[in-house]
Amino acid sequence: MSETPNETAGDVHKPVVQKNKKVVRRPDVDTLFSINPDGSRNVIHPADVKGRFQRYKHLLWIVLIGVYLALPWIRIGEHPALLIDIEARHFYLFGYTFNAQDFWFAFFFVTGLGFTLFVVAGLWGRLWCGYACPQTVFLEGVFRRIERLIEGNAQARAKLDKAPLKAKFWRRGLKMVVFFLIAALISHSFVGYFMPTEVLLEAMTSSPGLHPTAFVFVLVATLILFVNFTWFREQLCIVVCPYGRLQGALYDADTLLVGYDNKRGEPRGPAAEKGSGDCVDCYRCVAVCPTGIDIRNGTQLECVGCANCIDACDDVMDKLGRDRGLVRYDSQRGFETGKRRFVRGRVFLYGALMLLGMTMFTLALTRRHAFEARLVRGPGRPYSVEQESVHNIFNLQLINKRSGTRTFHIEQLGPEGARVVIARTDVELESLGTVRVPVHFYVPDADFKAGLRAELRVTCTDDPDGELERVATAPLLGPSR
Amino acid sequence: MTAEVRAHTFDGIQEFDNRLPNWWLWTFYLACIFSIGYWVHYHTLGTGDVPYESYLKEQRAAALALEEEMKKNPVTDERLEQLAANEAFVTEGQALFQQNCVLCHRENGGAGKDENGAWGTGANLTDAKWIYGSEPTTIYQTILKGRNADPEIGSFGGMQSWEHLGIGSVLRLTAYVMTLKGSDVAGGKPPEEYAKKQ
């Protein structure tokens, strides 16, 4: 995917150029720009850029960050809107309550989401990466902005890198402290999705010894986030993130990607030169790239689709009075022939799988019973014969799946002629509450035969959906005849 | 500084020889060293507890703690009398009774007849007849360990052990049953019925 028809033009693609007698390294397709030949990190300080894609991104990020911080605190009814309480094995999802039994729904939910990502990637490439991924949202939207505020623009930051410790101690130190605090905020918010917020607040204001696991988790998470956003940055996107690598398999010649129109731009030359293409080799697209590539070399692994280069080049084109779009969103086919095709087999396939996942999840959700009622054989002997009755002991397991308290009534249903003793016939259960009610079945010896089943009717009387009923049944055991 | 290409080709495919990022190499080396330390600590020397061992340790510690607690606060008649006078304690005992004991002893503890006309399988806890004895500590033992059926003394059904609910629950149940003693509810099972096989 990194081949462009123009790759053979020798000079302009030299990875190292002479600039005012200083050797400056430029991105190429054969090496990773953010790593030096000796293996050390080549820290990238992307230049500032303004443009319409930046505006779209910034608006979106305000919404996304707002949702991330606010969602653990939002309640629907008496439960949080989104809480994955692993310790209690209760899961709350926008009004629905699940227990561990229902966890299999998660398979369809997650695969549905996964295939949605596939569809998006097949159509629009790494749209997730550049616009919605937390790495980008927090790094570009929060951390780099603060870095710019404290340390200055890209050149100033690069200078500060080379400055001696004494010169940069306070500035860098202040930045580190602020970064650490923000990382702590992010990791505490994260815990709010897995721990009820009241417990989280209580844990935050009491001794770490009371909630050791949560404390260690938040500490480690804060450190990891701190190291990630201060130093690791684009290495995560390039080396660690599997989704980035997956993209290559999901693209085809019609996927809309960030790309350079080399038909229009080549051969490069100064603006005044006649016969040269639109590209004036200003290197703005390279300067603003957060992953350190030259988009003019073609689609590359490192490109996260942030569209900084599009805005940068459009800006330069505007100043030169030329058309925008020298670097733009287009497909490989679009760049070569000008045609764009959205409708294709790949999109249908991914779309179908996405719909399958989402449909299965919705079906499973809506067809779920309001409560579980199961007859489970009591431990110990399978049956006993007492006073000319065959005696079977069961436990009725009741689980309330609704998000509010419900009352249940238990009554005998079968078999005919059996004496049934139910420990409690009316039970009140809180949401996701469970109870075991002992139930004894006595079948007269004379009436007992193989194949008889114990049956109980369990009714929920106070559900807003009306009277709900389930039958719990189990085989009755007895002497073989 | 063009990238170096290795001499060997794989079916015509060439390979670069770029250096791996130092951070990658060092996390890898550290992971290797850590894994050696981990292996030696947990498996070679056994200085670390594998999950089964740490579980056993926790169990032993809990059993020891319980033993200490029982030594400090032995279950005596006096102590049980005190607990039976504690209203909150008795109320909790009543809740436990309702959940666990009513199947055989009925809701009022009298083991009376149900709607089908059958006596409760258990004993009448409210009358004067106590098969195993009515001292507080005896009641405690009966609930804790259960009793075997013994036709000689007039008990055919036996009594289930409730130790699995925990000592705290058994103490609360004992306190509640002590308050039932002597209440002689109407329709309770008469002593003659004990002697009949249930």
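The structure presented is a predicted model; accordingly, all values stated were derived computationally and were not measured.

1. Overview of the overall build of chain B
For chain B, the helix and strand inventory stands at eight helices and zero strands. Helices and strands in chain B line up, N terminus first, as α-α-α-α-α-α-α-α. A compact globule built from 198 residues would reach a C-alpha radius of gyration of about 16 Å, whereas chain B, at 33 Å, exceeds it by more than 25%.

2. Overview of the overall build of chain A
Tallying secondary structure elements over chain A gives 15 helices and 18 strands in all. Sequence-distant contacts in chain A: of pairs separated by 6 or more residues, those separated by 24 or more amount to 68%.

3. Section: unusual backbone geometry
Residues and elements named next belong to chain A. Each neighbour pair has its own omega, and for glutamate 266 with proline 267 the value is -10°, a cis peptide bond. Among the secondary structure elements, proline 267 is positioned in the loop between helix 11 (262-265) and helix 12 (284-287). A cis geometry characterises the amide bond from glycine 414 onward to proline 415, with omega recorded as 0°. For proline 415, the position within the fold is in the loop between strand 13 (406-414) and strand 14 (419-422). Even without being a glycine, aspartate 281 presents a positive backbone phi close to 55°. One can find aspartate 281 in the loop between helix 11 and helix 12. Taking the C-beta count within 10 Å as the criterion, aspartate 281 has 14 such neighbours and is therefore assigned partly exposed. We note that alanine 307 has phi near 70°; this positive angle belongs to a residue other than glycine. Tracing the sequence through the fold places alanine 307 in the loop between helix 12 and helix 13 (308-320).

4. Considering the interface of chain B and chain A
A common way to state how big an interface is: give the accessible area lost once the parts meet. With 19 residues of chain B at the interface, the matching set in chain A holds 20 residues. Looking at the side of chain B that touches chain A, the elements that each hand over two or more residues are helix 1 (22-44) and helix 5 (102-105) of chain B. In terms of residue count, the dominant contributor to the side of chain B that touches chain A is helix 1 of chain B (four residues). Within the side of chain B that touches chain A, the residues separate by chemical class into eleven nonpolar, five polar and three charged.

5. Some details on the packing of helix 4 (residues 134-151) of chain A against helix 6 (residues 165-191) of chain A
Residue and element names in this part refer to chain A. Contact pair helix 4 / helix 6: the axes reach a minimum separation of 10 Å and the direction vectors enclose 155°. Considering the angle they form, helix 4 stands roughly antiparallel to helix 6. As helix 4 runs across helix 6, the sense of the crossing is right-handed. Where helix 4 abuts helix 6, its residues Phe138, Val142, Phe143, Ile146, Glu147, Ile150 and Glu151 lie against Arg171, Leu174, Lys175, Val178, Phe179, Ile182 and Ile186.

6. What about the nonpolar core?
Residues and elements named next belong to chain A. Membership of the largest hydrophobic core comes to 31 residues, with the highest contact counts inside it found for Val258, Cys285, Ile295, Cys309, Ile310, Cys313 and Val327. Mapped onto this core, the elements with two or more residues apiece are helix 9 (234-240), strand 8 (257-260), helix 12 and helix 13. Here this core gets four residues from one element, more than from any other, and that element is helix 13. If sequence neighbours within four positions are ignored, isoleucine 295 has contacts with Val258, Gly259, Tyr260, Cys285, Cys303, Cys309 and Val327. Core analysis: the second largest hydrophobic core is formed by 25 residues, Ala373, Val437, Val439 and Phe448 among them.

7. A word on the sheet that holds strand 7 (residues 96-99) of chain A
Each strand in a sheet pairs with another by means of backbone hydrogen bonds, the pair being arranged parallel or else antiparallel. Residue and element names in this part refer to chain A. Read from one edge to the other, the open sheet built from three strands follows the order 5-6-7, with strand pairing classed as antiparallel. This sheet does not close on itself; its edge strands, each paired only once, are strand 5 (82-85) and strand 7. Each strand axis lies, on average, 20° off the axis of its neighbour in the sheet, ignoring direction. Sheet topology note: the strand 5/strand 6 (residues 90-93) ladder contains four bridges and is antiparallel. Considered in strand 6, the bridge of aspartate 85 is made with histidine 90.

8. Things to note about the pairing of strand 13 of chain A
Residues and elements named next belong to chain A. Two elements, strand 13 and strand 15 (residues 426-429), share four bridges in a ladder whose sense is antiparallel. By the bridge assignment, histidine 409 is partnered in strand 15 with aspartate 426. Both strand 13 and strand 17 (residues 453-460) contribute to a ladder of six bridges, which runs antiparallel. Opposite glutamine 412, over in strand 17, you have leucine 456 as the bridge partner.

9. With respect to the domain arrangement of chain A
When the domains of chain A are assigned, the result is domain 1 (1-73 + 125-337) and domain 2 (371-475). For domain 1 of chain A and domain 2 of chain A, the distance between their C-alpha centroids amounts to 61 Å.

10. Overview of helix 6 of chain A
Residues and elements named next belong to chain A. Given a rise of 1.5 Å per residue, 27 residues ought to cover 39 Å, and the 36 Å separating the end C-alpha atoms of helix 6 matches this to within 8%. At arginine 171, helix 6 shows its largest bend, some 30°. By the burial criterion, the buried members of helix 6 are Lys175, Phe179, Ala183, Ile186 and Val191. Next to the buried residues of helix 6 lie helix 4, helix 7 (197-204) and helix 8 (212-232).

11. Here's the deal with the domain arrangement of chain B
Annotation of chain B at the domain level lists domain 1 (1-48) and domain 2 (75-195). Here domain 1 of chain B and domain 2 of chain B have C-alpha centroids that lie 69 Å from each other.

12. As for helix 2 (residues 51-72) of chain B
Taking 1.5 Å per residue as the helical rise, helix 2 of chain B with its 22 residues ought to reach 32 Å, and the 32 Å between its terminal C-alpha atoms agrees with that figure. Of all 22 residues that make up helix 2 of chain B, zero are buried, and the element is exposed over most of its length.

13. Some details on the environment of His188(A)
Residue and element names in this part refer to chain A. Structurally, histidine 188 can be placed in helix 6. We classify histidine 188 as partly exposed; it has 18 C-beta atoms within 10 Å. If sequence neighbours within four positions are ignored, histidine 188 has contacts with Met204 and Val218.

14. With respect to the sheet that holds strand 18 (residues 468-475) of chain A
Residues and elements named next belong to chain A. Taken in spatial order, the four strands of this open sheet run 15-13-17-18, and their pairing is antiparallel. Because the sheet does not close on itself, it has two edges, and the strands there are strand 15 and strand 18. Going from strand to strand, the sheet's axes swing by 25° on average, the running direction of each strand aside.

15. Re the environment of Leu139(A)
With respect to the helices and strands, the residue Leu139(A) is situated in helix 4. Excluding residues within four positions of it along the chain, Leu139(A) makes contact with Arg144(A), Phe229(A) and Arg233(A).

16. Looking at the confidence of the model for chain A
Residue and element names in this part refer to chain A. Averaged over chain A, the pLDDT score is 89; the fraction of residues at 70 or greater is 96%. When pLDDT is averaged over each element of chain A, helix 1 (residues 52-70) comes out on top at 96 and strand 1 (residues 16-19) at the bottom at 65. Between residues 1-12, whose pLDDT stays under 50, and residues either more than four places distant or in other chains, the model counts 16 contacts.

17. Thoughts on the packing of helix 3 (residues 77-85) of chain B against helix 7 (residues 167-180) of chain B
Residues and elements named next belong to chain B. Between helix 3 and helix 7, the least distance of the axes is 8 Å, while the angle of their chain directions is 75°. If you check the angle between helix 3 and helix 7, you find them roughly perpendicular. Two secondary-structure elements touch here, helix 3 through Leu80, Leu83 and Ala84 and helix 7 through Leu171, Thr174, Ala175, Met178 and Thr179. The class makeup of the residues in the contact of helix 3 with helix 7 is six nonpolar, two polar and no charged.

About the thresholds
Residues numbered from 1 in each chain as written. Chains lettered and ligands numbered in written order. Predicted model: local features only at pLDDT ≥ 70, side-chain atom pairs only at ≥ 80, totals over all residues. Helix = DSSP H or I, 4+ residues; strand = E, 2+ residues; numbered from the N terminus. Rg over C-alpha atoms; globule rule 2.2 N^0.38 Å. Contact = placed C-beta atoms within 7 Å. Buried ≥ 20, exposed ≤ 12 C-beta atoms within 10 Å, placed from the backbone. Nonpolar A, V, L, I, M, F, W, Y, C, P; charged D, E, K, R; others polar. Axes fitted to C-alpha atoms, helices over the stretch in contact; angles between N-to-C directions. Parallel < 35°, antiparallel > 145°, perpendicular 65-115°, else oblique. Left-handed = near helix turned anticlockwise from the far one by under 90°. Core = buried A, V, L, I, M, F, W, Y, C linked by C-beta atoms within 7 Å. Pairing = 2+ DSSP bridges. Domains from an automatic or database assignment. Expected span 1.5 Å × (residues − 1). Bend = angle between axes of the 7 residues up to and from the residue. pLDDT = per-residue confidence, 0-100.

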